[in-house]
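Commentary on secondary and tertiary structure
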Amino acid sequence: MADLDLLTQSLARNVKRWRTERGFTLDVLAARAGVSRGMLIQIEQARTNPSLGTVVKVGDALGISVTTLLDYAQGPKVRVVPAEQAVRLWHTDAGSYNRLLAGVEAPGPLEMWDWRLAPGEGSPSDPHPAGTVELVHVRAGELTLTVDGVRHRVPEGASASFEADVPHTYANDGAVPMEMVMAVSVPPVH
């Protein structure tokens, strides 16, 4: 598939997904974005390649970034962020700093959890409501994260994000305790 076709398909899928998640009708989104209902129908059916200005207006109306609207990923998204790719936003000579470990759009409630799994233990989770996302950061050991049947290795110091509306499991297949911080973002009820 050509890059432009891939972008058109991604935009169609993502506009419809985020519009539905926000509880917007086509008319409501058209009014919020200042674009015609017909243009939105063409976008959601991947029958047009709208201008960047139109994409920005739709993203603003949905409260999400253009990057999110044009995201190519198909199916459950899992992104493992290696420790060396964490973004240091500031630091001081005395050694203070902050690091952006991983981030996602957060349309609703956001929870942060502290987890510890002993070697050989795991915890399965049923799918959460559509639009729920989770972030994990492994502080010690190694997490085996299984999302929709696919296993992902998340080593100490690394972070991962994924859409949690599919079955998923946290497990410690290693020989030492695994400790992680987890954030869960659940979409608001409309």
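Whatever comes next refers back to the structure up there.
Before going into details, it helps to say that this report is about the structure given with it. Per chain, residues are indexed from 1 in the order of the written sequence. Where totals are concerned, whole chains, interfaces and linings use all residues; where local detail is concerned, this predicted model gives features only for residues with pLDDT of at least 70, and gives and counts side-chain atom pairs only at 80 or more. Heavy atoms throughout the structure, all of them, feed into the side-chain values; hydrogens and water do not.

Before going further, it helps to examine the overall build of the protein. Helix and strand assignments come from DSSP, with helices taken as H or I runs of at least 4 residues and strands as E runs of at least 2, each series counted from the N terminus. Secondary structure assignment for the protein yields five helices and 11 strands. Taking all 190 residues of the protein together, 37% fall into the buried category. Whether two residues touch is decided by their heavy atoms; if any such pair falls within 4.5 Å, the residues are in contact. In the protein, the share of contacts with a sequence separation of at least 24, taken over all contacts with a separation of at least 6, comes to 71%. Surface accessibility in these figures is a Shrake-Rupley result with a 1.4 Å probe; residues are shielded only by whichever protein chains are displayed. In the form shown here, the protein has an accessible surface area of approximately 10,400 Å², with 54% of it arising from carbon and sulfur atoms. Note on exposure labels: buried denotes an accessible area under 20% of the residue type's maximum, exposed denotes more than 50%, and partly exposed covers the range between, all computed with a 1.4 Å probe on protein chains only.

The next point concerns the pattern of salt bridges. Where side chains of opposite charge bring their charged atoms close, a pairing between them can arise. Take a side-chain nitrogen of Lys or Arg and a carboxyl oxygen of Asp or Glu: if they are within 4 Å of each other, that pair is a salt bridge. The final tally for this structure, using the stated rule, is 10 salt bridges. The partner of E21 in a salt bridge is R17, and the shortest N-O contact between them spans 3.9 Å. Pair noted here: E21 and R17 are both in helix α1 (residues 3–22), with a separation of four residues, about one helical turn. Given a relative accessible area of 10%, E21 falls into the buried group. What makes R17 partly exposed here is its relative accessible area of 23%. Residue R139 is joined to E179 by a salt bridge in which the shortest nitrogen-to-oxygen separation is 3.5 Å.

What follows concerns the sheet that holds strand β7 (residues 142–147). The strand order β5-β10-β7-β8 describes an open sheet built from four strands, whose pairing is antiparallel. Both outer strands of the open sheet, β5 (122–125) and β8 (150–155), are each paired with one neighbouring strand and no more. Pairs of neighbouring strands in the sheet enclose a mean axial angle of 15 degrees, with direction left out of account. Pairing geometry for β7 and strand β10 (residues 168–171), over four bridges, is antiparallel. Residue T146 lies in a different strand from β10, and its bridge partner there is T169. Any two strands with at least two DSSP bridges between them are considered paired. Note on method: axes are straight lines fitted to C-alpha atoms, helices fitted across the in-contact stretch only, with angles between N-to-C directions ranging 0 to 180 degrees.

What follows is about the nonpolar core. Grouped together as the largest cluster of nonpolar side chains are 18 residues, with contacts concentrated most on L143, L145, V154, Y170 and M180. Looking at this core, the element that brings in the most residues is strand β11 (residues 178–185), giving four residues. Here L143 is in contact with V136, V138, H152, R153, V154, Y170, A171, M178 and M180, once residues within four sequence places are set aside. The criterion is simple. A nonpolar core is a set of buried Ala, Val, Leu, Ile, Met, Phe, Trp, Tyr and Cys residues joined through side-chain atoms within 4.5 Å. Of all hydrophobic cores here, the second largest spans 17 residues; its members include L11, W18, V35 and L40.

Turning next to the packing of aromatic side chains. Aromatic rings from Phe, Tyr and Trp, taking only the six-membered ring of Trp, are treated as a pair when their centres fall within 6.5 Å; an angle between ring planes under 30 degrees marks them as stacked, one over 60 as edge-to-face, and anything in between as tilted. Summed over all chains, the structure comprises one aromatic pair. Judged by centre distance (4.8 Å) and plane angle (55 degrees), the rings of W115 and Y170 are tilted. With W115 in strand β4 (residues 110–117) and Y170 in strand β10, this residue pair connects regions lying 55 residues apart in the sequence. Considered together, W115 and Y170 belong to a single accessibility category, that of buried residues. The criterion for a charge sitting over a ring is simple: Lys NZ or Arg CZ within 6 Å of the ring centre, and within 35 degrees of the ring normal. Positioned above the aromatic ring of W18, the side-chain terminus of R17 is 4.6 Å from the ring centre.

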